[in-house]
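Each chain, letter by letter, is given below.
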Amino acid sequence: MDNLNFYKYENEKSLLVVNGQGQIKRLYCPFPVTNNVRQILAVSAIAAGNDEKIYYKINGTYYEYSSFVILGN
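As a convention, each chain's residues are numbered from 1 in the sequence order in which they are written. Selection of residues for local features in this predicted model requires a pLDDT of at least 70, selection of side-chain atom pairs for listing and counting requires 80 or more, and totals for whole chains, interfaces and linings are taken over all residues. Hydrogens and waters are ignored; side-chain quantities use all the structure's heavy atoms.

Asks: Pulling in residues and values, what's your account of unusual backbone geometry?
Replies: Residue P30 follows C29 across a cis peptide bond; omega there is -5°. Strands here are runs of E lasting at least two residues and helices are runs of H or I lasting at least four, both read from the DSSP assignment and numbered beginning at the N terminus. Structurally, P30 can be placed in the loop between β3 (24–28) and β4 (31–34). Phi angles above zero are rare outside glycine, and E52 is one such case at about 65°. Relative to the helices and strands, E52 is located in the loop between β6 (45–48) and β7 (54–58). Not every positive phi belongs to a glycine, and N59 is a case in point at roughly 50°. Only protein chains enter the area calculation, which uses a 1.4 Å probe; residues under 20% of their type maximum are buried, those over 50% are exposed, and those in between are partly exposed. Residue class for N59 comes out exposed when judged on its relative accessible area of 70%.

What follows is the structure, encoded as structure tokens:
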């Protein structure tokens, strides 16, 4: 087990995601997301809460990630 490397799937400025082709990619801030009213917003930072959920920082406020869809190329 000493030879295994463990990587966090998130840090303040990036997030590991699985793209539409099934590849794991690291997405760096800022990246675009859309909300439930189809507004396009930019995520400037990422945080993991004490509840183990991921939060996106958008316009200075943190929101739970599940409220947004990441927009890709």
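Asks: Quick rundown of the sheet that holds β4? Include the residues and the values.
Replies: Spatial ordering of the open sheet is given by β5-β4-β9, a layout of 3 strands whose pairing is antiparallel. Lying at the two open borders of the sheet, with one neighbouring strand each, are β5 (40–43) and β9 (69–70). Where β4 and β5 come together, 4 bridges link them in antiparallel fashion. Within β5, the residue paired with P32 across the bridge is A42. Any two strands are treated as partners once DSSP identifies two or more bridges connecting them.

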